[in-house]
Structures are given as C-alpha cells and as structure tokens.
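Below, each chain spelled out in residue letters.
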Amino acid sequence: MIQTDEQGKILDKPPYPPFSVYLLGSDIYGYDLGHKMVEGAKWTIGVVLVVTFFRMLLSLIFSFCVYSLPSPIYKSMKMIFEPFSVVPQTIIAYFILYSVLWMPIDGFANPFWQRALFETLILVMIAIPNLTIHISEEIRMVVKEEFIEASKVLGSGKTHIFFKHIVPHVYEKWILLFGQQFIQALQLLAHLGFMLLFFGGTYVPYGAPKEEAPHSVSYEWSGVIGGDVSYLYSYSWVVLVPIGFFILTAISVALINDSVKAYFQTRNAIQFKSNGFREQAISEGMYRDPSPFSGPK
C-alpha cells in the first residue's frame, strides 16, 4: 500500500500513476488497474455477449410468430412498441434494477448469482420489443417478393418458407445486427455504471468514511468507472483506464462488423459476376450442364 525505504521513510503512496509501480497504474487503494481490468473483463464482455445472444435469439423467435400476422394486428403491435424506441433504455433499466442492485443498510437480500441473473434478464428483455419489430419489418419486406408467392402457390408451409427462402436473404443483416446490439448493450452497461448501478450489485459502505464510495462487487469495468468517477480530475488514470478498455472493445467489435460486411459484399459481387458469366455462356451455347443425367447438349 505504501512504499518506504530502509529507514521507514515514505517514498510513495497510492494511487500510483501509470508506468511507475504498475504498467497501467493503480486505484486509490493501491491495486493494479491492469489486473482489475483482466478480472472484470469476463463479466463485462461475457455478460454483454450473453445479453446480445439472447436478444437476437428471442427476437428471431418472436419475429417468426409476428411477421405473418394480419396487417391491422401487426400495425397495432408496432404502435404499442414504438414508444420504447423513444424512451432511453437506461432510464427504464435504472428504475427496474435499483431496488435489486442497490445494497440496503442491512445488506443484500439475494445472493450475487440471483442479482446477476435478474439484471441479465432485464438487459435482454428491454430491447426485445424494438428488435422484434425491426426484424419483422425486414422479413415482411422479403415476403412481398415474387418467389415467396410462387413458393406459397406450390404448397410450401410457413416454416419451410421461413428457413428455405427468408433466412438466406436476411441472415447477413442479422449477423451485422448482432455486432450493433453488442455495442448497444456495452453502452447500456456503461451508462448504468455512471448511475452507480453495477453488475451484480452496488456495495454501499454505510458508516464508512466519506472518502469510501460505493463500489462494484464483481469489478466489471462499468463498476470501476462509476465507483472512481469522482477522481477523474485528481487521479484521471483511475477512470480513464477502464474507459479506454470500453472504447477498445467497442472499436474492436465495430471493426469486426465492418470486416464481415465487406466479406458479404465481396462474396455477393463474385456470385453475381459468376452468375452473369454462366448466363452469358448458356445464351451463347458454350455452357454444358455437368449433371450426368442432363443428356447431350
């Protein structure tokens, strides 16, 4: 905690700046910030991945049930769910989670895993209405295509049309939407951290000195930011280091999304060009069907 020389004279005390005792510096109690970032990464990135996965999964399931509803019913649902896109998700999550995550004076009534599971469920469900409508709109646009009508005339059922015709046309957008939802969930977690609602619960030191602020019980990044935000102007690295990890994670996911999008665009361009060459060869009589049952050309 305190560095002294052989005579016991104090040389330095926490918080230690970066590149001194530790590479990324320390917090006000002398703990290595780099170690805290590694400790909290499994909660921050892991929870956001779980939240994003279940957001997409449940929205796809609900969209499968919603997209084929009659227009009056679908428009009514859309009118009900659209206000959720106006009200910030952070405000809704804060009012729902405060009574569970903020530690009362007599301690938490529920164990950590129950609080973490409840918060994960809220972070998932809070985005389901808007995401379901968004995916349903994309599906309904594909349903209007002529090949869908042809498939219905040939007797295809709803499940066959969805998996054989709709999914191949929209799954690329869903993959890109996964990255967008990841960044949105990461931002929501950060906003809750600034509002002192940390993942798994906010430990409140009742009766402790005023210098001891509420802190996270899981050391996830938003909790480290929210717990030490008061030191932003005195010991800025204590706050800027976890903010930097948040930014790097968001940039990494955005770059992955851009790479996946570029891959899809390149692959589609190659397929389009290949189909164009084949159609030209067929029209000129230079293409022979490789099937052994096609007969002579």
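In the block above lies the structure referred to throughout.
This text gives an overview of the structure that appears in the document. Within every chain, residues take consecutive numbers counted from 1 along the sequence as written. Confidence filtering applies because this is a predicted model: local features only for residues at pLDDT of at least 70, side-chain atom pairs given and counted only at 80 or more, and all residues used for totals across whole chains, interfaces and linings. Neither water nor hydrogens contribute to the side-chain values; these are computed over all heavy atoms in the structure.

## Comments concerning the overall build of the chain
Of regular secondary structure, the chain possesses nine helices and four strands. Along the chain, helices (α) and strands (β) appear in the sequence β-β-α-α-α-α-α-α-α-β-β-α-α when read from the amino end. For the accessible areas, the method is Shrake-Rupley and the probe is 1.4 Å, while residue cover comes only from the protein chains on display. Within the structure as shown, the chain displays about 17700 Å² of accessible surface, and the carbon and sulfur contribution to it stands at 66%. To qualify as a helix, a DSSP run of H or I must reach at least 4 residues; to qualify as a strand, a run of E must reach at least 2; elements of each kind are numbered from the N terminus.

## Looking at helix α3 (residues 89–101)
The first and last C-alpha atoms of α3 sit 17 Å apart over 13 residues, in line with the 18 Å expected at 1.5 Å per residue. Here the bend at a residue means the angle between the axes of two seven-residue stretches, the one that ends at it and the one that starts at it. F95 marks where α3 bends most, by close to 35°. When α3 is considered as a whole, its buried residues turn out to be Q89, T90, A93, L97 and L101. Buried-residue contacts for α3 involve α1 (33–66), α4 (112–125), α7 (158–194) and β3 (202–203). A helix's residues, less one, multiplied by 1.5 Å, set its expected span. Burial classes follow relative accessibility: with a 1.4 Å probe on protein chains only, a residue under 20% of its type's maximum area counts as buried, one over 50% as exposed, and anything between as partly exposed. Throughout, a residue-residue contact means that at least one pair of heavy atoms, one from each residue, lies within 4.5 Å.

## Some details on helix α5 (residues 128–143)
Relative to the 22 Å expected for 16 residues at 1.5 Å per residue, α5 spans 22 Å between its end C-alpha atoms, a close match to the ideal helical length. In terms of burial, α5 is a largely internal element, 12 of the 16 residues being buried. Looking only at α5, the buried set comprises I128, P129, L131, T132, I133, I135, S136, E138, I139, R140, V142 and V143. The inward-facing, buried residues of α5 abut α1, α2 (71–81), α4, α6 (146–153) and α7.

## Considering the nonpolar core
What makes a nonpolar core is a set of buried Ala, Val, Leu, Ile, Met, Phe, Trp, Tyr and Cys residues whose side-chain atoms join them at distances within 4.5 Å. Judged by nonpolar contacts, the single largest core of 33 residues is most densely connected at V48, V51, L97, L123, L192 and F246. At the level of secondary structure, the elements contributing two or more residues to this core comprise α1, α3, α4, α7, α8 (221–228) and α9 (237–283). Once residues within four sequence positions are removed from consideration, L192 is found in contact with T90, A93, Y94, L97, E119, L123 and L197. M56, V143, I166 and V170 belong to the second-largest nonpolar core, a separate cluster that totals 14 residues.

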